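# Observations on the model geometry
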Amino acid sequence: MTELLKVTGLSRRFAGGGLFRKRKVFHAVSDVSFTLKRGQILGIVGESGCGKSTLARLVLRLIDASEGQVTFDGVDMASLPRRELRRLRQRMQLVFQDPYSAIDPRYSVRDALLEPFKVQGVKLGSPDEKVASLLDMVGLNTSLARSYPHQLSGGQKQRVGIARALALNPSLVVLDEPTASLDVSVQAQIVSLLERLRHELGLTYLFISHDLGLVRYFCDQVLVMYLGRVVEVMPSDAEPAHPYTRALLDSSFEPDPRQRRTITRLSGEVPSGYDLPAGCAFANRCPRVSDLCRGVLAPLSTLPNGQQVACHNPLIDAALPAACR
Ligand SMILES: Nc1ncnc2c1ncn2[C@@H]1O[C@H](COP(=O)(O)OP(=O)(O)OP(=O)(O)O)[C@@H](O)[C@H]1O
Ligand code: SF4
Ligand SMILES: [Mg+2]
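Since we're looking at a predicted model, the values are computed, not measured.

## Here's the deal with the sheet that holds strand S5 (residues 75-76)
- With antiparallel pairing, the four strands of this open sheet are ordered in space as S2-S1-S4-S5. The sheet terminates laterally at strand S2 (25-37) and S5, the two strands that pair on one side only.
- As paired elements, strand S1 (residues 3-15) and S2 share nine bridges and run antiparallel to each other. Directly across from leucine 10, in S2, lies its bridge partner valine 32.

Structure representation (structure tokens):
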């Protein structure tokens, strides 16, 4: 399987606000690297504010990076002039968390679905046929073309958002918490729609969520972020090696009571992105913390089983090759 997306050392800092305050720097994303193969789903998971959406916007080059590189299908995106970047963007699309923000309330569903073609200057032989086929693709009745966003349910609106993102036949779709604002039963329908579309259209997904249980179900690989940094990258069915991933997994929803684990509640505050500690940012919440952790940041290292973890004292189950566990 060939590589579609390669992210290397990506960082984004924001200047702090306040007229009289000494301007500080907020570290939203720090030194993130990963690769995504064609046809795969990489899940990005972490608590609110850990930098997931900022990373998504950096990957799509909707905002500029402070450092680092994004290579899409072999092309360094920073090297592209504006016009070529616009053309390349047809192949990378974003689905938002909030289906309400994805569609202009003044647009009918038809207008919303035709807008990407207008923006890219693509002439359509039969716009109504295109709208009907896009609605059909996401399981919506074609009569909805004349509806306005306020006449649709949350699930219908998210389906329109997905159809709009797929209108220009992208290769990569970045899904930023696409089910977070929906009821549980509707969430399951949207996840199975996304699964079907991936198979039918050969899509590659970057799937952002704060729910590690959902990410493990839906994705091939999981990348765990904590305060802007990658702390673990693992196959979705692997045992976590990082204490933060373990705690996230233990607190994620498990519908089968026989599978429920003892919940390790995360106590302690997340440090501020303005004042990152010298050592591990998870140290004040970690049950495995040692003196080394407080002074020295653990680099992202590869364990014998291939998963990557940034921790001085990784959990032993994952650190051992499968045969020794
Ligand atoms: N333009 C900006 N200026 C200053 N700070 C910003 C800006 N954009 C994002 N941030 C900060 O960067 C941090 C990461 O934000 P981001 O939206 O990427 O988090 P997230 O993981 O997507 O959170 P959530 O799960 O709540 O969506 C937040 O603390 C946010 O306040
Ligand atoms: S480096 Fe230390 S504090 Fe950080 S997660 Fe690992 S054991 Fe815990
Ligand atoms: Mg977000």
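## A short note on the nonpolar core
- Core analysis: the largest hydrophobic core is formed by 56 residues, its most contacted members being Ile162, Leu197, Tyr205 and Phe207.
- Take this core: its biggest share by element is six residues, from helix H7 (residues 184-201).
- Non-local contacts of leucine 197, meaning those with residues more than four positions away in its chain, are made with Met137, Val138, Ile162, Leu166, Gly202, Leu203 and Tyr205.
- Core analysis: the next-biggest nonpolar cluster, separate from the first, contains 33 residues, Leu55, Leu58, Leu60 and Ile63 among them.

## Things to note about the pattern of salt bridges
- Using the criterion set out here, one finds 14 salt bridges in the structure.
- Between arginine 91 and aspartate 73 there is a salt bridge; the shortest N-O distance is 2.9 Å. Of this pair, arginine 91 sits in the loop between helix H2 (82-89) and strand S6 (92-95) while aspartate 73 sits in the loop between strand S4 (67-72) and S5, and the two are 18 residues apart along the sequence.
- A salt bridge links aspartate 128 to arginine 110; its shortest N-O distance comes to 2.7 Å. Here the residue aspartate 128 occupies a position in helix H5 (residues 127-137), and arginine 110 occupies one in helix H4 (residues 109-119), the gap between them amounting to 18 residues.
- The exposure class of arginine 110 is partly exposed, given its relative accessible area of 29%.

## Details of the packing of aromatic side chains
- In the structure shown here, the tally under the stated rule is six aromatic pairs.
- By the ring-pair criterion, three or more aromatic residues cluster together here, those being Tyr205, Phe207 and Phe218.

## Points about helix H6 (residues 154-166)
- For H6, spanning 13 residues, the distance from its first C-alpha to its last is 18 Å, which sits close to the expected 18 Å at 1.5 Å a residue.
- Across the 13 residues of H6, eleven count as buried, placing the element largely inside the fold.
- All of the buried residues in H6 are Gly154, Gly155, Lys157, Gln158, Arg159, Val160, Gly161, Ile162, Ala163, Ala165 and Leu166.

## A look at the packing of H6 against H7
- Here H6 crosses H7 at 20°, and the two axes come no closer than 10 Å. Looking at the two axes, H6 sits roughly parallel to H7. Judged by the sense of rotation from one axis to the other, the crossing of H6 with H7 is right-handed. Note on element contacts: H7 touches H6 through Val186, Gln189, Ile190, Leu193, Leu194, Leu197 and Leu201, opposite Gly155, Gln158, Arg159, Ile162 and Leu166.

## Quick look at the environment of lysine 157
- Tracing the backbone through its elements, the reader meets lysine 157 in helix H6.
- What makes lysine 157 buried here is its relative accessible area of 3%.
- In this structure, the C-alpha to C-alpha distance between lysine 157 and aspartate 98, residues 59 residues apart in sequence, is 9.2 Å.

## Looking at unusual backbone geometry
- Residues other than glycine seldom take positive phi values, yet arginine 61 does so here, at roughly 55°.
- Tracing the backbone through its elements, the reader meets arginine 61 in the loop between helix H1 (52-59) and S4.
- Note on arginine 61: relative accessible area 24%, which makes it partly exposed.
- Located in the positive-phi region is leucine 227, a residue other than glycine, with phi close to 50°.

## Description of the pairing of S1
- Relative to S4, S1 runs antiparallel, the two sharing five bridges. Note on S4: the bridge partner recorded for leucine 5 is phenylalanine 72.

## Focus on the environment of leucine 201
- Structurally, leucine 201 can be placed in helix H7.
- For the pair leucine 201 and proline 277, spaced 76 residues apart in sequence, the C-alpha to C-alpha distance is 44 Å.
- Leucine 201 has contacts with Met137 and Leu166, leaving out every residue within four places of it along the chain.

## Things to note about the site of ligand 1
- Neighbouring residues of ligand 1: 13 residues in total, closest Ser48, Gly49, Lys52, Ser53 and Thr54.
- One of the side-chain nitrogen or oxygen atoms of serine 48 is found 2.5 Å away from an oxygen atom of ligand 1.
- The separation between an oxygen atom of ligand 1 and a polar side-chain atom of threonine 54 is 2.6 Å.
- Considering ligand 1 on its own, with 640 Å² of exposed area, one finds that the protein chains cover 62% of that surface.
- Those elements that place two or more of their residues in the shell around ligand 1 are S2 and H1.
- Top element by residues in the shell around ligand 1 is H1. It accounts for four residues.
- Residue composition of the shell around ligand 1, by class: four nonpolar, five polar and four charged.

Calculation notes
- Residues numbered from 1 in each chain as written.
- Chains lettered and ligands numbered in written order.
- Predicted model: local features only at pLDDT ≥ 70, side-chain atom pairs only at ≥ 80, totals over all residues.
- Heavy atoms only, no water.
- Pairing = 2+ DSSP bridges.
- Helix = DSSP H or I, 4+ residues; strand = E, 2+ residues; numbered from the N terminus.
- Core = buried A, V, L, I, M, F, W, Y, C linked by side-chain atoms within 4.5 Å.
- Buried < 20%, exposed > 50% of the residue type's maximum accessible area, 1.4 Å probe, protein only.
- Contact = heavy atoms within 4.5 Å.
- Salt bridge = Lys/Arg side-chain N within 4 Å of Asp/Glu carboxyl O.
- Phe/Tyr/Trp six-rings, centres within 6.5 Å; stacked < 30°, edge-to-face > 60°.
- Expected span 1.5 Å × (residues − 1).
- Axes fitted to C-alpha atoms, helices over the stretch in contact; angles between N-to-C directions.
- Parallel < 35°, antiparallel > 145°, perpendicular 65-115°, else oblique.
- Left-handed = near helix turned anticlockwise from the far one by under 90°.
- Near = heavy atom within 4 Å.
- Polar contact = N/O pair within 3.5 Å; in protein donor to acceptor, adjacent residues only side chain to side chain.
- Areas by Shrake-Rupley, 256 points an atom, 1.4 Å probe, with all protein chains shown as cover.
- Nonpolar A, V, L, I, M, F, W, Y, C, P; charged D, E, K, R; others polar.

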